[in-house]
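Structural characterization, general
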Amino acid sequence: MSNHKNGQTLNSLEKLNSGQVRHDWTVAEIEAIYNQPFNDLLFAAQNIHRQYFDPNQVQTSTLLSIKTGACPEDCAYCPQSGHYNTGLSKEQLMAVEEVISKAQQAKKNGATRFCMGAAWRSPREKDLDVVLEMVRQVKDLGLETCVTLGMLTDEQAQKLGEAGLDYYNHNLDTSPEYYQQIITTRTYKNRLDTLQNVRDAGINVCSGGIIGMGEETSDRYGLLQQLANMPEHPQSVPINMLVAVEGTPLGDVEKLDSIEFVRMIATARIMMPESYVRLSAGREDMNEETQTLCYLAGANSIFYGEKLLTTANPEAEADMLLFKRLGIEPERRGLDQQEMDQEELAEETPKVEEQQPAKPLFYDATKTH
Ligand code: SAM
Ligand code: DTB
Ligand code: SF4
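Attention here is on the structure that accompanies the text. (Residues numbered from 1 in each chain as written. Chains lettered and ligands numbered in written order. Predicted model: local features only at pLDDT ≥ 70, side-chain atom pairs only at ≥ 80, totals over all residues. Heavy atoms only, no water.)

1. As for helix H10 (residues 258-271)
Taking 1.5 Å of rise per residue, the 14 residues of H10 would be expected to cover 20 Å, and the 20 Å separating its terminal C-alpha atoms lies within 8% of that figure. By the criterion of burial, H10 is predominantly enclosed, with twelve of the 14 residues buried. Of the residues making up H10, those classed as buried are Glu260, Phe261, Val262, Arg263, Met264, Ile265, Ala266, Thr267, Ala268, Arg269, Ile270 and Met271. The N-terminus of H10 is capped by aspartate 257, whose side-chain oxygen sits 3.1 Å from the backbone nitrogen of isoleucine 259. (Helix = DSSP H or I, 4+ residues; strand = E, 2+ residues; numbered from the N terminus. Expected span 1.5 Å × (residues − 1). Buried < 20%, exposed > 50% of the residue type's maximum accessible area, 1.4 Å probe, protein only. Polar contact = N/O pair within 3.5 Å; in protein donor to acceptor, adjacent residues only side chain to side chain.)

2. Section: the pairing of strand E2 (residues 113-118)
Among the six residues in E2, six count as buried, and that is most of the element. The alternating pattern of E2 places Arg113, Cys115 and Gly117 on one face and Phe114, Met116 and Ala118 on the opposite face, and all of these are buried. Alignment of strand E1 (residues 57-67) against E2, held across six bridges, turns out to be parallel. Paired with serine 61 across the bridge in E2 is arginine 113. Here five bridges tie E2 to strand E3 (residues 144-148), and the two strands are oriented parallel to one another. By the bridge assignment, phenylalanine 114 is partnered in E3 with threonine 145. Handedness of the crossover joining E2 and E3 through helix H5 (residues 125-140): right-handed. (Pairing = 2+ DSSP bridges. Right-handed = clockwise from strand over helix to strand, strands pointing away.)

3. Overview of the site of ligand 2
Contacts to ligand 2 come from 13 residues, most closely from Asn169, Asn171, Asn240, Thr310 and Thr311. Asparagine 171 has a polar side-chain atom sitting 2.8 Å from an oxygen atom of ligand 2. Residue asparagine 240 places a side-chain N or O atom 2.8 Å away from an oxygen atom belonging to ligand 2. Residues belonging to the shell around ligand 2 are distributed by class as follows: seven nonpolar, six polar and no charged. (Near = heavy atom within 4 Å. Nonpolar A, V, L, I, M, F, W, Y, C, P; charged D, E, K, R; others polar.)

4. Some points on the packing of H5 against helix H6 (residues 154-162)
For the pair H5 and H6, interaxial distance at closest approach is 10 Å and the crossing angle is 20°. With respect to H6, the element H5 is oriented roughly parallel. The handedness of the crossing between H5 and H6 comes out as right-handed. Contacts from Glu125, Leu128 and Leu132 of H5 reach H6 at Gln156, Lys159 and Leu160. Its residues placed into classes, the contact of H5 with H6 shows three nonpolar, one polar and two charged. (Axes fitted to C-alpha atoms, helices over the stretch in contact; angles between N-to-C directions. Parallel < 35°, antiparallel > 145°, perpendicular 65-115°, else oblique. Left-handed = near helix turned anticlockwise from the far one by under 90°. Contact = heavy atoms within 4.5 Å.)

If you want it as structure tokens, here you go:
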């Protein structure tokens, strides 16, 4: 039996768990969803997930850091901030050809989206021109494109939209209240303005946050409230578990309880039923059972490939092996129709060796060899 004390509580929780697309969530409602008994929470999240998505498909994105380190911002979690000494070697903006060759590799490994990240406060015009070319050429490979470049002006967002960018990643990271403890070099409002510019340019929004930064649970509710009460839910919601990097102010923060992480995923799924919820950074430190619970809780997107931006991610092979054990298929939606047709044809056409007469299953002792 669940611990619902009376019919009233049950009814209101049932309503909250119903999978309605809403933009007026209160903190009390989010708290009630997040803290309900774990089995009830996962059941509700999985139910909603099934109303909106194929429960056995997960979208796969590969990340590449196209410009690494020496960032002027002071984000307390980030190994790339120039304010902290994390021993990271800095790299200038990569050449277009190099990025394209990495994208081709990612596609060969089965990713459908290629995300390019730059350690900038905001892009300079001449750098943006190079990124625009990367976006065009990655798109030409038949991959979905995503970039994360820091703050954008209206004009910069428009240019990215015109280049055909599919997603822009810009995280709110935490609640407005906890934000000041994490970043002082730009405001929460700056972030919301960039997201507005991205939306206005017709680009899909990828926005989420990080948990395990020493925040209160109320900060997690606050983050979810900000995300879900936007005029449109972000099409993609990355939930990162802090990767604690030595040398950053959060380098020795206490590790988050994995059940709390799963609760966060499930609550995001319930509040933003149409959005892809991405099980993002932190998987390297998560066992397979926790990741499995995240999929059950409605996570349906991952970063795929052995590296995030500067830190480790599980090997692609290990992810595929877990998918196989779980009967999960990588989503193919990001591919263009022609490629999906080709894949289908390849599946339908038996390979030459499959057309040979079947070998006898047993050794036939009546025959002389
Ligand atoms: N500089 C750009 C910006 O901050 O918007 C783009 C790159 S930045 C690395 C992208 C996101 O990565 C951050 O907003 C943060 O949410 C996430 N991130 C960075 N370091 C992380 C860490 N150590 N653990 C988890 N997530 C992290
Ligand atoms: C997001 O939400 N997580 C990704 C991506 N968006 C750009 C980045 C994770 C970075 C983890 C630390 C690192 O590898 O540097
Ligand atoms: Fe710079 Fe982005 Fe890292 Fe902040 S999160 S320090 S803006 S690279």
